[in-house]
Amino acid sequence: MTPPCIHGFRTEECAACRTCPHGMVASRCSRCIKASSTPALRKAAINTHGVNPSEQRAGFEIFYVPAVHGWQVRGEDAAMSQESYRSIFLARKAVDQMASAEPPKAKRRS
């Protein structure tokens, strides 16, 4: 795994730090900005990114579901979540919240 950028994301996923095919930072490259300036070209650029790999995080699997155009989470019990997330960053945040949530404590009766 590549080290995170200064924004806390993987470098190839950060819009501000990602390197474009022209060897520049993608957010500052005039050729890349021009190529993605119309809605049709932006959609074409999104579809050319290829396969979205699944990822393991805190005992959960995060994977991309093309049918919903989003990311879903699968727990250790192999049950998929009902929610889908628009970005992998939101899915990671949800997994972190699920992992940090303590299971409910059973009440003891005396």
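The text that follows walks through the structure, step by step, so that each part is easy to find. As the structure is a prediction and not an experimental result, all values here were calculated from the model.

**Considerations on the packing of aromatic side chains**
Working step 1: If you walk through the whole model with that rule in mind, you get one aromatic pair.
Working step 2: With centroids separated by 5.3 Å and ring planes inclined at 70°, the aromatic side chains of Tyr64 and Trp71 adopt a geometry described as edge-to-face.
Working step 3: Taking the relative accessible area as the measure of exposure, Tyr64 reaches 28% and is therefore partly exposed.
Working step 4: Of the residues examined, Trp71 reaches a relative accessible area of 9% and is grouped as buried.
Working step 5: For Arg74, the ring lying beneath its charged end belongs to Phe63, and the centroid distance is 4.4 Å.

**Things to note about the sheet that holds strand S1 (residues 55-57)**
Working step 1: The antiparallel open sheet is built from three strands, whose spatial order is S1-S2-S3. Among the strands making up the open sheet, the edge pair consists of S1 and strand S3 (70-74). Across the sheet, the axes of successive neighbouring strands diverge by a mean angle of 30°, strand direction being ignored.
Working step 2: The sheet strands contacting helix H3 (residues 88-100) are S1, strand S2 (60-65) and S3, and the helix crosses S2 at an angle near 155°.

**Comments concerning the pairing of S3**
Working step 1: In terms of burial, S3 is a largely internal element, four of the five residues being buried.
Working step 2: Bridge analysis of S2 against S3 gives five bridges, and the strand direction is antiparallel. Bridge pairing in S3 places Tyr64 opposite Trp71.
Working step 3: Hairpin connection, S2 to S3: the antiparallel pair is bridged by four residues, and His69 has positive phi, about 55°.

**Some points on unusual backbone geometry**
Working step 1: If you check the backbone angles, Ala58 has positive phi at about 55° while not being a glycine.
Working step 2: Of note, Ala58 is situated in the loop between S1 and S2.
Working step 3: For His69, which is not glycine, the phi torsion reads 55° and is therefore positive.
Working step 4: Relative to the helices and strands, His69 resides in the loop between S2 and S3.
Working step 5: Residue His69 is classed as exposed on the basis of its relative accessible area, which comes to 62%.

**Here's the deal with the pattern of salt bridges**
Working step 1: Tallied over the full model, the rule gives three salt bridges.
Working step 2: Asp96 serves as the salt-bridge partner of Arg57, at 3.0 Å between the closest nitrogen and oxygen. With Arg57 in strand S1 and Asp96 in helix H3, this residue pair connects regions lying 39 residues apart in the sequence.
Working step 3: For Asp96, a relative accessible area of 35% corresponds to the partly exposed category.
Working step 4: The partner of Arg74 in a salt bridge is Glu61, and the shortest N-O contact between them spans 2.9 Å. Of this pair, Arg74 sits in strand S3 while Glu61 sits in strand S2, and the two are 13 residues apart along the sequence.

Cut-off values and rules
- Residues numbered from 1 in each chain as written.
- Predicted model: local features only at pLDDT ≥ 70, side-chain atom pairs only at ≥ 80, totals over all residues.
- Heavy atoms only, no water.
- Phe/Tyr/Trp six-rings, centres within 6.5 Å; stacked < 30°, edge-to-face > 60°.
- Buried < 20%, exposed > 50% of the residue type's maximum accessible area, 1.4 Å probe, protein only.
- Lys NZ or Arg CZ within 6 Å of the ring centre and 35° of its normal.
- Pairing = 2+ DSSP bridges.
- Helix = DSSP H or I, 4+ residues; strand = E, 2+ residues; numbered from the N terminus.
- Axes fitted to C-alpha atoms, helices over the stretch in contact; angles between N-to-C directions.
- Contact = heavy atoms within 4.5 Å.
- Salt bridge = Lys/Arg side-chain N within 4 Å of Asp/Glu carboxyl O.

What is shown is where atoms sit, not what they do.
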